[in-house]
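# Summary of structural features
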Amino acid sequence: MNFLHFMSANRQQVFELTLEHITLAGVGTLIAALVGIPLGIVITRIPSLSKPILGGANIIQTIPSLALFGFLIPAPWIGDRASRLAILALALYGLLPLIRNTYAGIRGVDPAVVEAGRAMGLTDRQLLFQVELPLASGVIVAGLRIAAVLSIGLATIAAAIGAGGLGEFIFRGLAMVNNQVILAGAVPAALLALAADFLLGLLERRLNSLRLRS
Amino acid sequence: MPLASSNEPAIEFDRVVFTLNGRPLLENLTLSVSQGETLVLLGRSGSGKTTTLKLINGLLMPNEGEVRVSGRSTKQWDPIRLRRDIGYVIQDGGLFPHFTVERNIAVVPRIEGWDRERIQTRVHELLALVGLDPQLASRYPSELSGGQRQRVGVARALAADPPILILDEAFSALDPITRSEMQKEFRALQQRMRKAVVFVTHDLREALLLADRIALMESGRVIVNLLAEEFSRSQHPLVRAYREAFSGPPESR
């Protein structure tokens, strides 16, 4: 376990890169949620948009991450700073699971319950916020969980464009052919992903118990 | 206080036609229900009973003719206002699984902006009215029996004291004993409330027990529309077929 020695010798840098990593993945996922959840809601209301929007998000997923980072470099303002670029790319990758799960979650609410709400005189807005979103919340958080884990993994590649994060160690280790350095980046990144998965999993189960009460 | 100013029916169907994707579901339907009256729509699955109910609260709009509620066409009503004035009970309650009993009953009063005390008083009044223990107020629907859920469904529909109540197979999912209890209680309740009630069922016994009038529907038309006591004597072939279906084998009598 020599990489632990390396890590403790460089703990200041490990700490900084981990924070950077969390910021990249966290802000990327947050933006994905802020865009993806509303888009998912919109396509439950305007079904004709569901194919183009889900298809678009799907296509983004198929672009190799290094290529996506490259494509975004010419973008104004965003391209000025590597971290902005990385966050945008991570947000784009996170869109699909969030849009898809929001859509599936709302569509999966028992139609009898929705109709009962409508028949009682709830407005569309009240129906969405009091009935559909609470009952879909478990599925939406499952999407958030996928996006977060995906984003933490992909953020290691952001170091390739100089955006920092734990990928720095990985790329440095690759260049030095030094496994200890690679592990100093890879192991904390994996632990972050596991932690995010676990915590969001807890939230997901809690929210699902709402729906399963029926 | 009674002696309503007019004898205008609470609900009126005037030559209503409703089609879905070119297929006629209701043809030339004419019906009326006055305040205090219980009309039972009787018929088999697919005869247009539920469609008729949904035309009353504006979940559906007629293609031809007019549905009038309190004298006004459903096309002129604000649909949200209309629905809050009509209590709706469906099979198995249709309760919100993420709300407690109390919160479920309080849905309409809350969106109508009642204050908390008034809501709480009303919820407890309603629990008593439908024969539920007030301790159930904080339970979730999954923690109740089918009969209890159905009672909550009735309480929820009555919460804001709407003049009209519509029920779609409300008691059909219950076991026979609970069902018979609920039917009797509902009848007693209606005798006190005197609301305009439209009750959809495919069960002749239930219809005879609850109805002032029974409209027998078949393929989107009303075949006969009779007072309950006339209905049990009618010689119309379809009415007789219904009576025979529900009379059971002779040796059991």
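Right above here is the structure, for reference.
Residues numbered from 1 in each chain as written. Chains lettered and ligands numbered in written order. Predicted model: local features only at pLDDT ≥ 70, side-chain atom pairs only at ≥ 80, totals over all residues.

## Notes on the overall build of chain B
Our working definition: The way it works is that DSSP assigns letters per residue, a run of H or I at least four long becomes a helix, a run of E at least two long becomes a strand, and they are numbered from the N terminus. Just to be clear, the radius of gyration here is over C-alpha atoms, and the globule rule we use is 2.2 Å times residues to the power 0.38. Exposed residues have 12 or fewer other C-beta atoms within 10 Å of their own C-beta, buried residues have 20 or more, and partly exposed residues fall in between, where C-beta atoms are placed from the backbone. In this description, any two residues whose backbone-derived C-beta atoms lie within 7 Å of each other are considered to be in contact.
A count of helices and strands for chain B gives 10 helices and 10 strands. Here the C-alpha radius of gyration of chain B, 18 Å, is about what a compact globule of 253 residues would show, namely 18 Å. When the 253 residues of chain B are sorted by exposure, 42% land in the buried category. Taking all contacts inside chain B whose residues are at least 6 apart in sequence as the whole, residues at least 24 apart take part in 68%.

## Examining the overall build of chain A
Counting its secondary structure elements, chain A contains nine helices and zero strands. Secondary structure elements of chain A, listed N to C terminal, follow the sequence α-α-α-α-α-α-α-α-α. Overall, chain A is about 65 × 40 × 25 Å in size when its C-alpha atoms are taken along their principal axes. Across chain A, contacts joining residues at least 24 apart in sequence account for 74% of those joining residues at least 6 apart.

## Points about the sheet that holds strand 10 (residues 221-227) of chain B
Residues and elements named next belong to chain B. Note the following rule: The pairing criterion is simple: DSSP has to find at least two bridges between the two strands. Each axis is a line fitted through C-alpha atoms, taken for helices only over the stretch in contact, and angles between the N-to-C directions span 0 to 180 degrees.
Pairing within the open sheet is mixed, and its six strands lie in the order 6-7-8-3-9-10. Single-partner strands in this sheet number two, and they are strand 6 (86-90) and strand 10. Adjacent strand axes in the sheet meet at a mean angle of 15°, parallel and antiparallel pairs treated alike.

## A closer look at the packing of helix 2 (residues 11-45) of chain A against helix 7 (residues 124-154) of chain A
Residues and elements named next belong to chain A. Quick note on the threshold: The sense of a crossing depends on the near helix, which, turned anticlockwise from the far helix by less than a right angle, makes the crossing left-handed and, turned clockwise, makes it right-handed. Gly is put with the polar residues, along with every residue not named as nonpolar or charged; the nonpolar set is Ala, Val, Leu, Ile, Met, Phe, Trp, Tyr, Cys and Pro, and the charged set is Asp, Glu, Lys and Arg.
The geometry of helix 2 relative to helix 7 is characterised by a closest axis approach of 10 Å and an angle of 145° between their N-to-C directions. Judged by the twist between their axes, the crossing of helix 2 over helix 7 is right-handed. Judged by residue contacts, Ala-25, Gly-28, Thr-29, Ala-32, Ala-33, Ile-37 and Ile-41 of helix 2 engage Leu-128, Ile-140, Leu-144, Ala-147, Ala-148, Ser-151 and Ile-152 from helix 7. Among the residues forming the contact of helix 2 with helix 7, the class breakdown is 11 nonpolar, three polar and no charged.

## Quick word on the environment of Arg-172 of chain A
Residue and element names in this part refer to chain A. Mapped onto the elements, Arg-172 comes out in helix 8 (residues 167-176). Among the residues examined, Arg-172 registers 15 C-beta atoms within 10 Å and is labelled partly exposed. A sequence separation of 17 residues divides Arg-172 from Ala-189, and the C-alpha atoms of the two residues are 15 Å apart.

## Details of the interface of chain A and chain B
On the side of chain B, 17 residues touch chain A, which itself brings 17 residues to the contact. The set of elements that each furnish at least two residues to the side of chain A that touches chain B consists of helix 6 (111-119), helix 7 and helix 9 (179-211) of chain A. Tallied by class, residues from the side of chain A that touches chain B come to 10 nonpolar, four polar and three charged.

## Quick look at the environment of Leu-238 of chain B
Residue and element names in this part refer to chain B. Within the secondary structure, Leu-238 sits in helix 10 (residues 237-247). Judged by C-beta crowding, with 14 C-beta atoms within 10 Å, Leu-238 ranks as partly exposed. Between the C-alpha atom of Leu-238 and that of Ser-172, which follows or precedes it by 66 residues, the distance is 22 Å. With residues near it in sequence (within four places) discarded, Leu-238 still touches Leu-216, Glu-218 and Ile-223.

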